[in-house]
Amino acid sequence: MTTTTTQRRPETTVSDRTMEQPVISLRGARASLGSRPVLRGIDLTITSGEVVALLGANGSGKSTAVRSVIGQVPLTGGEVSLFGTPLRRFRQWHRVGYVPQRTTAASGVPATIREVVSSGRLSRARFGLFSRADRAAVDRAIDLVGLADRAGDPVDALSGGQHQRVLIARALAAEPELLIMDEPMAGVDLASQEVLAETLREQVAAGTTVLLVLHELGAVEPLIDRAVVLRDGCVVHDGPPPEAVGQHALPGHDHVHPHATGEPLRTGLLT
Ligand SMILES: Nc1ncnc2c1ncn2[C@@H]1O[C@H](COP(=O)(O)OP(=O)(O)OP(=O)(O)O)[C@@H](O)[C@H]1O
Ligand SMILES: [Mg+2]
């Protein structure tokens, strides 16, 4: 009982999909944290240029799933590959930008915005030496998130939402082909959400493949091609983004259907 929406990109045919190399491929992915199974057989394929939202209640395994994709959580079963290469052999990390879920822990290191964003460019800089192009990419990333006038400020003097923008600029500095962001909108005010949505729009227009962990589709909703919903470490929906998920995405509801227009786009999964 899924629904198609008009703003989606044209469907590729099955033969197109099999010819096209997936950017992310998870096959039967299983992972445990402590003694607890957290991913219980996840299948997820994301092809080039797709923008996929990963949704689900707190603790459903979203962060663990994206962390397994970048090798921070080892799989106990199944396979993960990036750009067609099994993760254990994957070395082209400059192709991947990752924004971790924000934590409240302060780093204690008084780095400036420019220093933190520059760290995201290290994978591109040859021998750690920044060329003019590297410096320009760093400045562009800082500018994209609207912090150009603060570039010399220490990051520990920033608000949570501004800090989040710095993490996003750090991921963008390497000009990645694949951008993975874990709840970039969490704790960010509406103005900052708009900045982030615009930043994302530019990345998507440039052809970047995006995997976004979200609680609410919100400002980025028009950019989303596909939504994948996790529950208890399993995929319970993979298809068109729900027009309004509302209460229906909460545990016990696995159907998705259109709602009356004017209803706010909320997944209702935040609490
Ligand atoms: N380091 C850890 N050790 C043990 N269990 C963990 C650890 N990290 C997470 N978990 C557990 O794994 C499960 C999935 O966590 P995960 O962070 O992937 O969920 P999530 O969907 O990202 O949730 P949220 O929406 O709160 O960010 C949760 O039950 C969590 O308690
Ligand atoms: Mg999480």
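This is a predicted model, so every value here is computed, not measured.

Quick look at the overall build of the chain now. When you go through the chain residue by residue, the secondary structure sums to six helices and ten strands. In the chain, once contacts between residues fewer than 6 apart in sequence are set aside, the share between residues at least 24 apart is 68%.

The strand order across the open sheet built from six strands is β6-β7-β8-β3-β9-β10, with neighbouring strands paired in mixed fashion. This sheet does not close on itself; its edge strands, each paired only once, are β6 (96-99) and β10 (234-239). Within this sheet the neighbouring strands show an average axis-to-axis angle of 15°, counted without direction.

When you tally the buried positions in strand β3 (residues 51-56), you get six out of six residues, the bulk of the element. Taking every second residue as pointing to the same face, both faces of β3 are buried, with V51, A53 and L55 on one and V52, L54 and G56 on the other. Here β3 pairs with strand β8 (residues 209-213) via four bridges, running parallel. For A53, the partnering residue across the bridge sits in β8 and is L212. Relative to strand β9 (residues 226-231), β3 runs parallel, the two sharing five bridges. Across the sheet, V52 pairs through a bridge with R226, a residue of β9.

Around ligand 1, the surrounding shell holds 13 residues, and the nearest of these are L33, N58, K62, S63 and T64. Those elements that place two or more of their residues in the shell around ligand 1 are β2 (36-47) and α2 (62-69). Considering each element in turn, the shell around ligand 1 owes the most residues, three residues, to α2. Taken together, the residues of the shell around ligand 1 break down into two nonpolar, nine polar and two charged.

Put simply, helix α5 (residues 160-172) and helix α6 (residues 190-205) touch, their axes get as near as 10 Å, and they point 10° apart. As summarised for this structure, α5 and α6 are arranged roughly parallel, according to the angle between their axes. Every residue of α6 that contacts α5 at G161, R165 and I168 is listed here: S192, V195, L196 and T199. Classifying every residue of the contact of α5 with α6 by side-chain character gives three nonpolar, three polar and one charged.

The subject of this paragraph is the environment of A57. Among the secondary structure elements, A57 is positioned in the loop between β3 and α2. Along the sequence, A57 and H215 sit 158 residues apart, while their C-alpha atoms lie 7.8 Å from each other.

Here the focus is the sheet that holds strand β1 (residues 22-33). Taken in spatial order, the four strands line up as β2-β1-β4-β5 in an open sheet, and their pairing is antiparallel. On the outer flanks of this sheet lie β2 and β5 (85-86), each paired with one strand and no other. Alignment of β1 against strand β4 (residues 77-82), held across five bridges, turns out to be antiparallel. Counted as the bridge partner of L26 is V80 from β4. Against the sheet, α2 makes contact with β1, β2 and β4, and its axis sits at roughly 120° relative to β1, the strand it touches most.

Time to look at the confidence of the model for the chain. Mean pLDDT over the chain: 81, with 78% of residues reaching 70 or higher. Per-element averaging of pLDDT across the chain places helix α1 (residues 14-19) at the bottom with 48 and β1 at the top with 97. Contacts for the low-pLDDT stretch residues 1-18, under 50 throughout, to residues beyond four places or in other chains number 19 contacts. Counted against residues more than four places away or in other chains, residues 245-271, with its pLDDT under 50, gives 51 contacts.

As a further point, take the nonpolar core. In globular proteins that are soluble, nonpolar side chains generally tend to be buried together. Ranked by internal contacts, the top residues of the largest apolar core, which has 67 residues, are L54 and A169. Residue contacts for A169: discarding those within four places in its chain leaves V117, A141, I142, L144, V145 and L147.

In this section: the environment of Q203. Mapped onto the secondary structure, Q203 falls in helix α6. Each C-alpha atom of the pair Q203 and L172 lies 8.7 Å from the other, and the pair is 31 residues apart in sequence. Those residues in contact with Q203 that sit more than four places away from it in its chain are L179, T208 and V210.

A word on α6. The end-to-end C-alpha distance of α6 is 22 Å, a good match for the 22 Å that 16 residues give at a rise of 1.5 Å each. Along α6, the residues classified as buried are S192, V195, L196, T199, L200, Q203 and V204. The inward-facing, buried residues of α6 abut β3, α4 (132-144), α5, β7 (178-182) and β8.

A positive phi is found at F83, a non-glycine position, where the angle reads about 50°. Within the element layout of this structure, F83 appears in the loop between β4 and β5. According to the C-beta neighbour criterion, F83 is partly exposed, with 17 such atoms within 10 Å. Backbone geometry at D232 places phi at a positive 50°, although glycine is not the residue there.

Reading the values: rules and limits
Residues numbered from 1 in each chain as written. Chains lettered and ligands numbered in written order. Predicted model: local features only at pLDDT ≥ 70, side-chain atom pairs only at ≥ 80, totals over all residues. Helix = DSSP H or I, 4+ residues; strand = E, 2+ residues; numbered from the N terminus. Contact = placed C-beta atoms within 7 Å. Pairing = 2+ DSSP bridges. Axes fitted to C-alpha atoms, helices over the stretch in contact; angles between N-to-C directions. Buried ≥ 20, exposed ≤ 12 C-beta atoms within 10 Å, placed from the backbone. Near = placed C-beta within 6 Å. Nonpolar A, V, L, I, M, F, W, Y, C, P; charged D, E, K, R; others polar. Parallel < 35°, antiparallel > 145°, perpendicular 65-115°, else oblique. pLDDT = per-residue confidence, 0-100. Core = buried A, V, L, I, M, F, W, Y, C linked by C-beta atoms within 7 Å. Expected span 1.5 Å × (residues − 1).

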